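Report on the structure
Each chain is listed here by its residues.
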Amino acid sequence: MNTSVRTTTRLLWAGLRALLVLTVVCGVLYPLAVTGVAQGLFAHRANGSELTSGGKVVGSELIGQSYLLPKRNPSDATEPARPDLRWFQPRPSRGLSTNTVNTQYRLLLSGATNRAGDSEELIRWVTEAKAEVIRDNSVPGHPIPPSAVPPDAVTSSGSGLDPDISPAYARLQVNRVAARNHLPAERVRALVDAHTEGRTLGFIGEPRVNVLRLNVALRALTQEGTGKP
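The structure reproduced in this document is the subject of the present report. (Residues numbered from 1 in each chain as written. Predicted model: local features only at pLDDT ≥ 70, side-chain atom pairs only at ≥ 80, totals over all residues. Heavy atoms only, no water.)

**Remarks on the nonpolar core**
The following threshold applies: The nonpolar core is taken to be a set of buried Ala, Val, Leu, Ile, Met, Phe, Trp, Tyr and Cys residues, with the residues joined through side-chain atoms within 4.5 Å. Any residue under 20% of the maximum accessible area for its type is buried, any over 50% is exposed, and the rest in between are partly exposed; the area is computed with a 1.4 Å probe on protein chains only. Helix and strand labels come from DSSP, where a helix needs a run of H or I of at least four residues and a strand needs a run of E of at least two; each type is numbered from the N terminus. Contacts: residue pairs with any heavy atoms within 4.5 Å of one another.
Counting 29 residues, the largest nonpolar core has Phe 88, Val 149, Val 188 and Leu 218 as the members making the most contacts within it. The set of elements that each furnish at least two residues to this core consists of helix H3 (120-137), helix H4 (167-172), helix H5 (174-181), helix H6 (185-194) and helix H7 (211-222). With six residues, the single largest contributor to this core is H7. Leave out the neighbours within four places in its chain, and Val 188 touches Phe 88, Val 174, Val 177, Ala 178 and Leu 183.

Spelled out as structure tokens, the structure:
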């Protein structure tokens with residue numbers, strides 16, 4: 001009997017010691033080591049790839065965001081969001097689920113639309129989005145022909161949170177952004193060219209433009225002659 005109790009006690013104590021050791025190693029030392037290495041070598045990425053403008057964090061370069069006008073009636077949950085056409089606009093955001101509370105950014109879950117290519121709903125979305133792109137970006141002397149609208153202007157990405165757009169979609173918005181901000185189109189076009197990234201390692205993916213970085217640079221450009229911070 002005594003032997004059995006001693007054996008049980010020894011096993012319990014061994015298990016408790018193993019629990020304590022593993023808790024310290026895996027729950028304290030390892031996270032501290034990983035955090036220390038990340039902060040020491042990749043601080044920008046470890047902190048969410050945040051971008052700042054005017055001394056304030058304005059978002060992450062890894063997650064798309066909307067550029068919208070304030071709601072006319074903040075208490076009206078059904079009021080549709082209106083794009084602020086002074087800024088470059090991202091891809092549409094449609095995913096697995098939406099919410100009816102924050103209509104300024106309807107996407108609730110990251111994910112694709114899961115609609116087939118012949119889905120009537122998807123066709124309607126694309127048709128409506130194309131009409132909006134043409135309407136919003138056509139300015140006097142520079143109408144947008146339907147054939148000039150690239151696919152990423154009317155379709156969401158697989159995550160619904162793509163922070164990038166194609167150079168073609170960014171260039172399509174140049175004249176509208178220039179007109180809304182009273183800037184020469186050549187300067188805005190040069191801004192797009194400066195923020196166009198090539199394929200990763202020269203062969204992975206497609207050329208792209210990060211919308212948040214581009215809009216931060218646009219904000220700085222619009223403030224050059226105003227003296228505003």
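Once the structure has been displayed, the description carries forward.
**Looking at the environment of Leu 183**
Counting through the fold element by element, Leu 183 comes out in the loop between H5 and H6. The buried category is assigned to Leu 183, whose relative accessible area is 15%. Sequence spacing of Leu 183 and Leu 221 is 38 residues, and the spatial spacing of their C-alpha atoms is 8.8 Å. Not counting chain neighbours up to four residues away, the residues in contact with Leu 183 comprise Ala 178, Val 188, Leu 218, Leu 221 and Thr 222.

**Points about the packing of H5 against H6**
The line we're drawing: For helices, the fitted line uses only the C-alpha atoms of the stretch in contact; every axis is such a line through C-alpha atoms, and the angle between N-to-C directions lies from 0 to 180 degrees. Angle categories are assigned with fixed cut-offs, so that under 35 degrees is roughly parallel, over 145 is roughly antiparallel, 65 to 115 is roughly perpendicular, and the rest are oblique. If you view the pair so one helix is near and one far, a crossing is left-handed when the near helix is turned anticlockwise from the far one by less than a right angle, and right-handed when it is turned clockwise. Side-chain classes follow a simple rule in which Ala, Val, Leu, Ile, Met, Phe, Trp, Tyr, Cys and Pro form the nonpolar group, Asp, Glu, Lys and Arg form the charged group, and the remainder, Gly included, forms the polar group.
Packing of H5 against H6 leaves a shortest axis separation of 9 Å and a crossing angle of 125°. As far as their axial angle goes, H6 and H5 are oblique. Relative to H6, H5 is oriented so that their crossing is right-handed. Residue-level inspection shows Val 174, Asn 175, Val 177 and Ala 178 of H5 in contact with H6, the latter providing Ala 185, Val 188, Arg 189 and Val 192. Taken together, the residues of the contact of H5 with H6 sort by class into six nonpolar, one polar and one charged.

**Quick look at the pairing of strand S2 (residues 56-60)**
Basically, it comes down to this: The pairing criterion for strands is at least two bridges between them, as found by DSSP.
Two strands pair when backbone bridges link them, and strand S1 (residues 50-53) and S2 are joined in this way by four bridges, in the antiparallel orientation. Residue pairing for S2: Glu 50 is matched across the bridge by Ser 60.

**Description of unusual backbone geometry**
Phi at Ser 49 is positive, roughly 50°, even though this residue is not glycine. Structurally, the position occupied by Ser 49 is in the loop between helix H2 (43-46) and S1. In this structure, Leu 201 is a non-glycine residue whose phi angle is positive, near 60°. By the element assignment, Leu 201 lies in the loop between strand S6 (196-197) and strand S7 (208-210).

**Considering a nonpolar patch on the surface**
Rule in force here: Patch membership requires more than 30% relative accessible area and the absence of a salt bridge. Residues of like charge join within 9 Å; the nonpolar side chains Val, Leu, Ile, Met, Phe, Trp and Tyr join within 5 Å. Reported accessibility uses the Shrake-Rupley method at a 1.4 Å probe radius. Residues are deemed covered only where the shown protein chains occlude them. By definition here, a salt bridge exists when the distance from a side-chain nitrogen of Lys or Arg to a carboxyl oxygen of Asp or Glu is within 4 Å.
Judged by side-chain polarity, Val 21, Val 24, Val 25, Val 28, Leu 29 and Leu 32 come together as a nonpolar surface patch covering roughly 500 Å² of accessible area. Looking at where Leu 29 falls in the secondary structure, it is placed in helix H1 (residues 2-41). With relative accessibility at 49%, the residue Leu 29 sits in the partly exposed group.

**Some details on the sheet that holds S7**
Spatially, S5-S7-S6 is the arrangement adopted by the three strands of the open sheet, whose pairing is antiparallel. Lying at the two open borders of the sheet, with one neighbouring strand each, are strand S5 (164-165) and S6. Sheet topology note: the S6/S7 ladder contains two bridges and is antiparallel. Paired with Thr 196 across the strands is Val 209, a residue of S7.

**Focus on the packing of H6 against H7**
It is at 10 Å that the axes of H6 and H7 come closest, and there the two elements cross at 145°. Between H6 and H7 lies a crossing of right-handed hand. The residues of H7 that touch H6, namely those facing Arg 187, Leu 191 and Val 192, are Leu 214, Ala 217, Leu 218 and Leu 221. For the contact of H6 with H7, the per-class residue count stands at six nonpolar, no polar and one charged.

**Topic: H7**
We apply this condition: To estimate the expected span of a helix, subtract one from its residue number and multiply by 1.5 Å. Think of a polar contact as two N or O atoms within 3.5 Å of one another; within protein, one of them needs to be a possible hydrogen donor and the other a possible acceptor, and neighboring residues in sequence only count if both atoms come from side chains.
Taking 1.5 Å as the rise per residue, H7 with 12 residues should run 16 Å; its terminal C-alpha atoms sit 16 Å apart, in good agreement. For H7, every residue scored as buried is listed here: Val 211, Leu 212, Leu 214, Asn 215, Ala 217, Leu 218 and Leu 221. At its buried positions, H7 is contacted by S1, S2, S5, H5, H6 and S7. Between the side-chain oxygen at the start of H7 and the backbone nitrogen of Leu 212 there is a gap of 3.2 Å, and the oxygen is on Asn 210.

**Some points on the pattern of salt bridges**
Side-chain pairing between opposite charges can occur once the charged atoms of the two side chains come close. One pass over the structure, following the stated rule, counts 12 salt bridges. Here Arg 208 ties to Asp 164 by a salt bridge, and the two come within 3.9 Å at their closest N and O atoms. Linking Arg 208 in strand S7 with Asp 164 in strand S5, this pair joins segments that are 44 residues apart in sequence. In this structure Arg 208 comes out as partly exposed when scored by relative accessible area, which is 22%. What emerges from the salt-bridge pattern is a single network uniting Glu 61, Asp 164, Glu 197, Arg 208 and Arg 213.

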